[in-house]
Amino acid sequence: LAKTTQPISMDSYEGQEVNITCSHNNIATNDYITWYQQFPSQGPRFIIQGYKTKVTNEVASLFIPADRKSSTLSLPRVSLSDTAVYYCLVARGAAGNKLTFGGGTRVLVKP
Amino acid sequence: GAGVSQSPSNKVTEKGKDVELRCDPISGHTALYWYRQSLGQGLEFLIYFQGNSAPDKSGLPSDRFSAERTGGSVSTLTIQRTQQEDSAVYLCASSFGGTAGNTIYFGEGSWLTVV
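The written sequence of each chain sets the order in which its residues are numbered from 1. Labels follow written order: the first chain is A, the first ligand is 1, and so on. Residue-level local features of this predicted model are given only where pLDDT is at least 70; pairs of side-chain atoms are given and counted only at 80 or more, and the full residue set underlies all totals for whole chains, interfaces and linings. Values shown for side chains rest on all heavy atoms present in the structure; no hydrogens or waters enter the calculation.

Caption draft 1: Spotlight on the overall build of chain A. A tally of helices and strands in chain A yields 0 helices and 9 strands. For chain A, the α and β elements follow one another from N to C terminus as β-β-β-β-β-β-β-β-β. Its C-alpha atoms give chain A principal-axis dimensions of about 45 × 30 × 20 Å. Looking at chain A residue by residue over its 111 residues, the buried ones come to 47%. Pairs at least 24 residues apart make up 57% of the contacts formed inside chain A by residues separated by at least 6 positions. Residue-level accessible areas treat just the shown protein chains as cover; the underlying method is Shrake-Rupley with a 1.4 Å probe. As displayed, chain A has an accessible area near 5,400 Å², and 53% of this comes from carbon and sulfur atoms. We score Asp and Glu as negative and Lys and Arg as positive, and we do not count His or the chain ends. Every charge is mapped to an atom, namely NZ of Lys, CZ of Arg, CG of Asp or CD of Glu. Of note, chain A has its 11 positive side-chain charges centred 9 Å away from the centre of its 7 negative side-chain charges. Helix and strand assignments come from DSSP, with helices taken as H or I runs of at least 4 residues and strands as E runs of at least 2, each series counted from the N terminus. Note on classification: 1.4 Å probe, protein chains only; a residue is buried when its accessible area is under 20% of the maximum for its type, exposed when over 50%, partly exposed between these limits. In what follows, residue pairs with any heavy atoms lying within 4.5 Å of each other are defined as contacts.

The following block contains the structure:
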């Protein structure tokens, strides 16, 4: 299973763009990259998923370089309500069990 | 139901007692996961069920922990002889299948406090 490494924490201010990079050097060919957001006292919530290049939805963008050994979650114009822990998950296709989360990145958005 | 449902949402138990935590996955989801999250910590994998296959129990921390899934739907996580270090939130998640491209959806968790 691909091990992931993320920064422990990041601070930002309202209106700024937040970029969180996750390293996954031993990602396998059929692994997908998924990001989750977790607020205190709640279960994690799906944000975005990608395999390669760039994916964008109404919440975030996900940038994946050609070698796929890292990925960057981009949150545009964050607000105070984006303060949360963000998890990067790399999971295998054929044996996509035992989905192992990394330690997550605590993002604090300040006014 | 519309989402993953877990019960109880909160449980306080005395050390040494057994507890059962229930998870009702999203209808049609064949994969079910249990995770544990201690206060301020990350998600610790416990066990994974996929269809009728033998579960992956490799994350269970001790033989006091067990889980079953009846009829391929509802799952129960049982902790015997609870210890204070078992205090955590226990999160259940489900997905359409155990493949990477399938999004997993989490419940709100069962908060366990052992006193």
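Caption draft 2: Inspection of the state of the cysteines at higher detail. Residue and element names in this part refer to chain B. Count a disulfide wherever a pair of cysteine sulfur atoms falls within 2.5 Å. What the rule picks out here adds up to 2 disulfides over all chains. Between the sulfur atoms of C23 and its disulfide mate C92 the distance is 1.8 Å. Linking C23 and C92, the disulfide has an S-S dihedral of approximately -65 degrees and is accordingly described as left-handed. Remark: C92 occurs in strand β8 (residues 88-95) and C23 occurs in strand β3 (residues 19-24); sequence separation between them is 69 residues.

Caption draft 3: Expanded view of the pattern of salt bridges. Residue and element names in this part refer to chain B. When a carboxyl oxygen of Asp or Glu lies within 4 Å of a side-chain nitrogen of Lys or Arg, that pair is called a salt bridge. Per the stated rule, a full pass over the model turns up 4 salt bridges over all chains. The residue R22 makes a salt bridge to D24 at a minimum N-O spacing of 3.9 Å. Relative accessible area serves as the criterion here: at 40%, R22 is assigned to the partly exposed category.

Caption draft 4: Region of interest: the pairing of strand β3 (residues 32-38) of chain A. All names here are of chain A. Along β3, 6 of the 7 residues are buried, which leaves the element largely enclosed by surrounding structure. Inspection of the sheet shows β3 paired to strand β8 (residues 84-91) by 7 bridges, in the antiparallel sense. Bridged to Q37 within β8 is Y86. Only when DSSP finds a minimum of two bridges between them are two strands counted as paired. Across 5 bridges, β3 lies against strand β4 (residues 45-50) in antiparallel orientation. Bridging across to β4, Y36 finds its partner in F46.

Caption draft 5: The arrangement of the environment of A:G104 in detail. All names here are of chain A. Within the secondary structure, G104 sits in the loop between β8 and β9 (105-110). Residues G104 and L89 lie 15 residues apart in sequence; the distance between their C-alpha atoms is 9.4 Å. Ignoring any residue separated from it by four or fewer positions in sequence, one finds G104 in contact with Q6, P7, I8, V85, Y86 and Y87.

Caption draft 6: Quick peek at the sheet that holds β3(A). All names here are of chain A. Taken in spatial order, the 5 strands line up as β1-β9-β8-β3-β4 in an open sheet, and their pairing is mixed. If you trace the sheet from one side to the other, it starts and ends with β1 (9-13) and β4, each paired once. Shown here is a sheet whose adjacent strand axes are inclined to one another by a mean of 25 degrees, direction ignored. Taken together, the 3 bridges between β8 and β9 define a ladder with antiparallel strand orientation. Bridge assignment links Y86 to a residue of β9, and that residue is T105. Lines fitted to the C-alpha atoms define the axes, with helices restricted to the stretch that makes contact. Angles between their N-to-C directions range from 0 to 180 degrees.

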